[in-house]
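Reading the structure
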Amino acid sequence: MAAASTPLGSVEAAAEGARRALGAAFAAVSVWERERGRLRVLVNAGELAPGEERFPADESYPVHAFPEIAGVSQEEGAGGSPRAWVETADAPGTEPRLRRGAVLRRRGRGCCIVAPIVLHGRAWGELYVARPLGAPVFGGADAEFATVLAAVTASGIAQTERLEEVRRLAFTDPLTGLANRRAVDARLDEAVERHQLDGVVVSLVVCDLNGLKRVNDTLGHAVGDRLLERFGSVLSLCGAMLPGALAARLGGDEFCLLTVGPEADEVVRVAGELCRRAGELELGEGVACGVASTGDPIGPVPSARRLFRLADAAQYRAKGAGSAEPVVAGREGGRGRPDPVVRMADRPPAPTAGPGGAVERRRFRGRGGPG
């Protein structure tokens, strides 16, 4: 289990390990979904009966049919220890606790051990280990060992859940819940590699939320944060219109959508919808939006850096023009005229002095050559 990097990998390792350690033919790990009142099977390992799958899409059982799992929390609260128990196929099978015997018979198994998994002091689910008909029946020592294995399983699940939380925090913007710049960089690098290998269309929409500074200065940063959250929701909703899109906050008032697969025209259409919806927010002043897609005539895209610069330049042009529509790299040239966005991205302008002599700066990502 120590090598597992995800909760599902952890429970798969636990099931396989328990099956081998107890000399069983089959093992499963199930989670108690309290809000649905059911035990849902996460993994089946070993010899599967007809209809069983290793990773079932929706194999579940109502907890009221096996109510002993619900009693684990009370037992823990009373200072007890949740111990595993043995069930056999020749049990009478009418009482709730004995219904597992009927399930065993139906699936060609002779006996099983049920070991509650307790996590953070609450019943989390169960480890279930079974032997086939005709095999030696589990004994008390096996049940004691399964109790230990269930505790080890709980520890492994807790560890991988912590790792998952660390990963989530590392790749998530804490204010909006969107992906962060680190997540975009990782996904975009992979996407550009795919584009270079098989020509898949990769598109990037970069947005700059207008009016955030005015909101912060006049209404306070709490209201400004609310604007960021609301625009994040709008971005997420629009991103859902593009299969597999990644919606992210790059930092400050900058956001983006990254898509792999959808055609450039579809991405531009959604970017237009994003501009429209952003303009309807009661706070802020809409959004400046730039689009760069390998599906448009923007030249070669040898790196993620160049696609970012193109989208950034398009967004900069949209902001300078006060455009309520997205500006799209590669679509403003023609008839021998170079596209101004592509030219700006490949040769970023030098900083210029703004009002009062202040230097106006634009952070083109990866300034330098066209690489």
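Structure: see above.
Below is a summary of the structure that appears in this document. (Residues numbered from 1 in each chain as written. Predicted model: local features only at pLDDT ≥ 70, side-chain atom pairs only at ≥ 80, totals over all residues. Heavy atoms only, no water.)

Mapped onto the secondary structure, Asn 216 falls in helix H6 (residues 212–219). Along the primary structure Asn 216 and Leu 227 are separated by 11 residues, whereas in three dimensions their C-alpha atoms are 9.7 Å apart. Once residues lying within four places of it in the same chain are set aside, the contact partners of Asn 216 are His 221 and Gly 224. (Helix = DSSP H or I, 4+ residues; strand = E, 2+ residues; numbered from the N terminus. Contact = heavy atoms within 4.5 Å.)

Moving on: the sheet that holds strand S3 (residues 60–62). In spatial order, the strands read S3-S2-S1-S6-S5-S4; together these six strands make up an open sheet with antiparallel pairing. Two strands lie at the open edges of the sheet, namely S3 and strand S4 (85–88), each paired on one side alone. Pairs of neighbouring strands in the sheet enclose a mean axial angle of 25°, with direction left out of account. With 10 bridges joining them, strand S5 (residues 109–119) and strand S6 (residues 122–132) adopt antiparallel strand pairing. For Cys 111, the partnering residue across the bridge sits in S6 and is Arg 131. Sitting on the sheet, helix H1 (residues 7–21) touches strand S1 (26–33), strand S2 (38–46) and S6, and the angle it makes with S2 is about 60°. (Pairing = 2+ DSSP bridges. Axes fitted to C-alpha atoms, helices over the stretch in contact; angles between N-to-C directions.)

A word on the pattern of salt bridges. One pass over the structure, following the stated rule, counts 25 salt bridges. A salt bridge links Glu 16 to Arg 20, with the shortest nitrogen-to-oxygen separation between them at 3.8 Å. Of the two residues, Glu 16 and Arg 20 are both situated in helix H1; the distance of four residues between them amounts to about one turn of the helix. According to the relative accessible area criterion, Arg 20 is exposed, its value standing at 57%. A salt bridge links Glu 273 to Arg 277; the shortest N-O distance between them is 2.7 Å. Separated by four residues within a single helix, Glu 273 and Arg 277 lie in helix H8 (residues 264–279), roughly one turn from each other. (Salt bridge = Lys/Arg side-chain N within 4 Å of Asp/Glu carboxyl O. Buried < 20%, exposed > 50% of the residue type's maximum accessible area, 1.4 Å probe, protein only.)

Below, the discussion takes up the side chain of Glu 33. With respect to the helices and strands, Glu 33 occurs in strand S1. Overall, the relative accessible area of 12% leaves Glu 33 in the buried class. Within the local environment of Glu 33, its side chain forms a polar contact with the side chain of Arg 38, the two groups lying 2.6 Å apart. Side chain to side chain, Glu 33 and Arg 40 meet in a polar contact 2.5 Å long. Those residues in contact with Glu 33, other than ones at most four positions away along the chain, are Arg 38 and Arg 40. (Polar contact = N/O pair within 3.5 Å; in protein donor to acceptor, adjacent residues only side chain to side chain.)

Let's shift gears to the packing of H6 against helix H7 (residues 221–239). Contact geometry of H6 with H7 gives a least axis separation of 7 Å together with a crossing angle of 145°. From H6, Leu 212, Val 215, Asn 216 and Leu 219 reach across to H7, where they touch His 221, Val 223, Gly 224, Leu 227 and Leu 228. Here the contact of H6 with H7 is composed, by residue class, of six nonpolar, three polar and no charged. (Nonpolar A, V, L, I, M, F, W, Y, C, P; charged D, E, K, R; others polar.)

Okay, the sheet that holds strand S9 (residues 254–260) next. One open sheet holds the five strands; their spatial order is S8-S9-S7-S10-S11, and the pairing between them is mixed. Edge positions in the sheet fall to strand S8 (246–251) and strand S11 (327–328), since each of these pairs with one other strand and no more. Judged from the two bridges that link them, strand S10 (residues 287–293) and S11 form a sheet pairing that is parallel. Within S11, the position partnered with Val 291 by the bridge is Val 328. Sheet strands in contact with H8 are strand S7 (202–209), S9, S10 and S11, and its direction is about 175° off that of S10.

A separate point is the pairing of S8. Among the six residues that make up S8, five are buried, leaving the element largely enclosed by the rest of the structure. Direction of pairing for S8 relative to S9: antiparallel, over a ladder of five bridges. Bridge pairing in S9 links Leu 246 to Leu 258. Counted along the chain from S8 to the antiparallel partner S9, the turn is two residues long, and its residue Gly 252 has a positive phi close to 55°.

Another point: H7. The end-to-end C-alpha distance of H7, which contains 19 residues, comes to 26 Å, matching closely the 27 Å that a straight helix rising 1.5 Å per residue would cover. Looking at the buried residues of H7, the elements they touch are S7, H6, S8, S9, H8 and S10. (Expected span 1.5 Å × (residues − 1).)

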